[in-house]
Amino acid sequence: GYDSYMDSIVIRETPICNPPTALVVSNITNNAAQLDFTAPASGSPVNYEVYYSTSNVAPGSSTVPQVTGVTGTTANLSGLTASTKYYVWVRSYCGGTDRSDWSVGTNFTTACDTASLPLNQGFNATTLPVCWSTSIVTGQSSSAISFLASSSNLTAAPQEGTHFVRYNSYSTSSGGEERLISPEMSSAGVPNLDVRFQWFQDGSSTYSTGAYLNEGVTVEWSADGTNWTTVQYFPRHVDGAPATGEWSAKSVNIPAAGNLTSFWVAFRFHSSYGYNMYLDNVSVLASVSLPVTISSFTGKLNGEANLLTWTTSTETNNRGFELQRSADGSSFSTIGFVASKGDNGNSNNTLSYAFADSKPISSSYYRLKQVDNDGKFRYSNTVLLARKFSEISLSSVFPNPAGERLNLVIASPKAAKVIVVITDLSGRVLMQSPVQLAEGSNKTTISLTGLASGSYLLKLVCADGCESSIIRFVRQ
């Protein structure tokens, strides 16, 4: 038959006492733990010795223990590192040079340090961040939370970094709920807190009525990690948002969580068996009083123009508001400015403002950039206004200046084929690219690889000979 093999033979005197059994670790903190064990059934150990390590490599007879002279069956381990997994073994000291074999080991993980503010988390890995946790609330047999670089139903990519949070409501039964829970934090010396995050919302007509309107996330907080207080609910479906979805900055204020030695924040997802839900870029930080409080920002179609209106309840040191527009909800450019109505930018009364965009595009995303007198600024929420056009028009080109690729947004009243024509400043044609348009707003990308750095003109030419307005762009 086959050969047989042996290796590493040791012959030694049999110990006069046996190792302990049934190791149990309790009272675990961020830097200490209590180890209990059962004394051997036979033999009379003088005392016990404990060895622990962050490596799961069993100790040998010559391994030096960290804890010695344990006279009972309880050992206290101290000086440990927070949020670290440890492996631990015990042996009996039998007197003289005689010791038992090491026991069967066990392991434990120390608690996390209490985090100080601000706490920032981008979820940029495939695993749960250290000291974050999940907890199923109801209606699920397993976790529906994962950390992805991309996702479908709805299609999404990270708002920042490489990964984001997905709650798989697309495959989770209606009524399922699960919390994503922050580490323990301290707000000592911080009287008021904000929780800011990016939330993916959509305006799709699918999964948009009835119970689907209850699909979303609720921000909660707790002073003990067990009993939770609701702060605010954010739905997945939002009328007026793009059908394909968009990231939207959210913020909630939690004054009750201020000046506490311990508190937690949670995001409680609720499934209605609709589209997936996405979360990214969470921050918990001291609340900062804003110099300008924008009470509302809305828009409506007003003849050939788009009318934007907003109100403020307070203004301090406010220079005014830049009106910014985007064709895709991402790349914004300034189209106007409205100065503050306050006395030198200051007011404690409600002030109303309006701005008319006389040359709107098919899908216009608007936001306010509120600018202080000292140059500091902040952005409002985004408003989307969509309209139909009677002729093909070139709504936007970006980025400008451009690199090797240029994005075009084209509005068309019907399906049609056009030619994108690029010329130099003298009108000499340099490039022509055919584009098939669908009815409505179209986004396409063309390559500029063959163009040298400089300024160029771009226009659309229809099959029936019509031409769009000419836009000038710069190739870097």
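Above: the structure in question.
A.B. asks: Can you explain the side chain of Asn 306? Please cite residues and give values.
C.D. replies: With respect to the element layout, Asn 306 can be found in strand 21 (residues 305–315). The exposure class of Asn 306 is buried, given its relative accessible area of 0%. Excluding residues that lie within four positions of it along the chain, Asn 306 makes contacts with Lys 300, Leu 301, Phe 355, Ala 356, Asp 357, Pro 360, Ser 364, Tyr 366, Leu 385 and Arg 387.

A.B. asks: Requested: an account of the sheet that holds strand 21, with residues and values cited.
C.D. replies: Within a sheet, each strand pairs with its neighbour through backbone hydrogen bonds, oriented either parallel or antiparallel. Pairing is antiparallel in the open sheet, where three strands are placed in the order 20-21-24. Two strands bound the open sheet, and with one partner strand each, they are strand 20 (292–302) and strand 24 (351–357). Taking the axes of each pair of neighbouring strands and ignoring which way they run, one obtains an average angle of 20° across the sheet. As defined by bridge partners, strand 21 adjoins strand 24 across seven bridges and the pair is classed as antiparallel. Residue pairing in the sheet places Thr 312 in a bridge with Leu 351 of strand 24.

A.B. asks: Before we move on, could you go through the sheet that holds strand 5 (residues 74–77) and cite the residues and values that matter?
C.D. replies: Overall, antiparallel pairing links the three strands, which are arranged 1-2-5 in an open sheet. A strand with exactly one partner marks an edge of an open sheet, and here the two such strands are strand 1 (21–26) and strand 5. Between one strand and the next, the sheet's axes are offset by a mean angle of 20°, whatever the strand orientation. Sheet analysis places strand 1 next to strand 2 (residues 33–38), joined by four bridges and oriented antiparallel. Paired with Val 24 across the two strands is Asp 36, which belongs to strand 2.

A.B. asks: Describe the pattern of salt bridges, with residues and values.
C.D. replies: All chains considered together, the criterion is met by 12 salt bridges. Between Glu 177 and Arg 268 there is a salt bridge; the shortest N-O distance is 3.1 Å. Note that Glu 177 is positioned in strand 13 (residues 177–181) and Arg 268 in strand 18 (residues 264–270), a separation of 91 residues in sequence. One exposure class covers both Glu 177 and Arg 268, and it is buried. Arg 196 is the salt-bridge partner of Asp 194, the closest N and O atoms lying 3.6 Å from each other. Judged by its relative accessible area of 7%, Asp 194 falls in the buried class.

A.B. asks: Kindly report on the nonpolar core, identifying the contributing residues and their values.
C.D. replies: Nonpolar side chains tend to gather and get buried jointly when the protein is soluble and globular. Counting 32 residues, the largest nonpolar core has Leu 180, Phe 197, Phe 263, Phe 267, Phe 269 and Leu 279 as its most contacted members. Secondary-structure elements contributing two or more residues to this core are strand 11 (145–148), strand 12 (164–167), strand 14 (193–201), strand 15 (216–222), strand 18 and strand 19 (277–286). Listed in part, the 23 residues of the second largest apolar core include Val 397, Ala 416, Tyr 456 and Phe 473.

A.B. asks: Explain the state of the cysteines to me, using residue names and the numbers behind them.
C.D. replies: One pass over the structure, following the stated rule, counts three disulfides. Covalently, Cys 112 is tied to Cys 131 through a disulfide, its sulfur atoms 1.8 Å apart. Across the disulfide from Cys 112 to Cys 131, rotation about the S-S bond amounts to roughly -105°, and the bridge is consequently left-handed. One end of the pair, Cys 112, is in the loop between strand 8 (106–109) and strand 9 (119–121); the other, Cys 131, is in the loop between strand 9 and strand 10 (133–138), and 19 residues separate them in sequence. What makes Cys 131 partly exposed here is its relative accessible area of 24%. Between Cys 462 and Cys 466 runs a disulfide, and the two sulfur atoms are separated by 1.8 Å. Around the S-S axis, the bridge from Cys 462 to Cys 466 shows a dihedral of about -70° and counts as left-handed. By sequence order of its bonded cysteines, the chain has the disulfide arrangement 1-2, 3-4, 5-6.

A.B. asks: Please set out the packing of aromatic side chains residue by residue, giving values where relevant.
C.D. replies: Pairs of aromatic rings are described using the distance from one ring centre to the other and the angle between the two planes. Enumeration over the complete set of coordinates arrives at 23 aromatic pairs. Their ring planes at 20° and their centres at 5.7 Å tell us that Tyr 86 and Phe 108 sit as a pair that is stacked. Remark: Phe 108 occurs in strand 8 and Tyr 86 occurs in strand 6 (residues 85–95); sequence separation between them is 22 residues. Here Tyr 86 matches Phe 108 in class, with each residue buried. Each member of the aromatic cluster is reached from another via a ring pair, and the members are Phe 164, Phe 200, Trp 247 and Tyr 278. Geometry around Phe 332 places Arg 367 over its ring, the cationic atom sitting 4.0 Å from the centre. Sitting over the face of the ring of Tyr 379, Arg 367 holds its NZ or CZ atom 3.8 Å from the ring centroid.

A.B. asks: Tell me what's going on with unusual backbone geometry, and back it up with residues and numbers.
C.D. replies: At the junction of Phe 398 and Pro 399, the peptide bond is cis and its omega measures out at -5° in the coordinates. Mapped onto the elements, Pro 399 comes out in the loop between strand 28 (393–398) and strand 29 (405–412). Of note, the bond from Asn 400 into Pro 401 is cis; its omega dihedral lies within 30 degrees of zero at 10°. Looking at the element boundaries, Pro 401 is found in the loop between strand 28 and strand 29. A positive phi angle, near 55°, is found at Ala 22, a position not held by glycine.

A.B. asks: Account for the side chain of Gln 324, with residues named and values stated.
C.D. replies: Inspection of the secondary structure assignment puts Gln 324 in strand 22 (residues 318–326). Under the relative-accessibility criterion, Gln 324 is labelled buried at 6%. A polar contact is formed between the side chain of Gln 324 and the side chain of Glu 322, at a distance of 3.5 Å. Within the structure, Gln 324 has its side chain in polar contact with the side chain of Arg 367 (distance 2.8 Å). The residues contacting Gln 324, other than those within four sequence positions of it, are Phe 332, Ser 333, Thr 334, Tyr 365, Tyr 366, Arg 367, Lys 369 and Tyr 379.

Definitions and cut-offs
Residues numbered from 1 in each chain as written. Predicted model: local features only at pLDDT ≥ 70, side-chain atom pairs only at ≥ 80, totals over all residues. Heavy atoms only, no water. Helix = DSSP H or I, 4+ residues; strand = E, 2+ residues; numbered from the N terminus. Buried < 20%, exposed > 50% of the residue type's maximum accessible area, 1.4 Å probe, protein only. Contact = heavy atoms within 4.5 Å. Pairing = 2+ DSSP bridges. Axes fitted to C-alpha atoms, helices over the stretch in contact; angles between N-to-C directions. Salt bridge = Lys/Arg side-chain N within 4 Å of Asp/Glu carboxyl O. Core = buried A, V, L, I, M, F, W, Y, C linked by side-chain atoms within 4.5 Å. Disulfide = S-S within 2.5 Å. Phe/Tyr/Trp six-rings, centres within 6.5 Å; stacked < 30°, edge-to-face > 60°. Lys NZ or Arg CZ within 6 Å of the ring centre and 35° of its normal. Polar contact = N/O pair within 3.5 Å; in protein donor to acceptor, adjacent residues only side chain to side chain.

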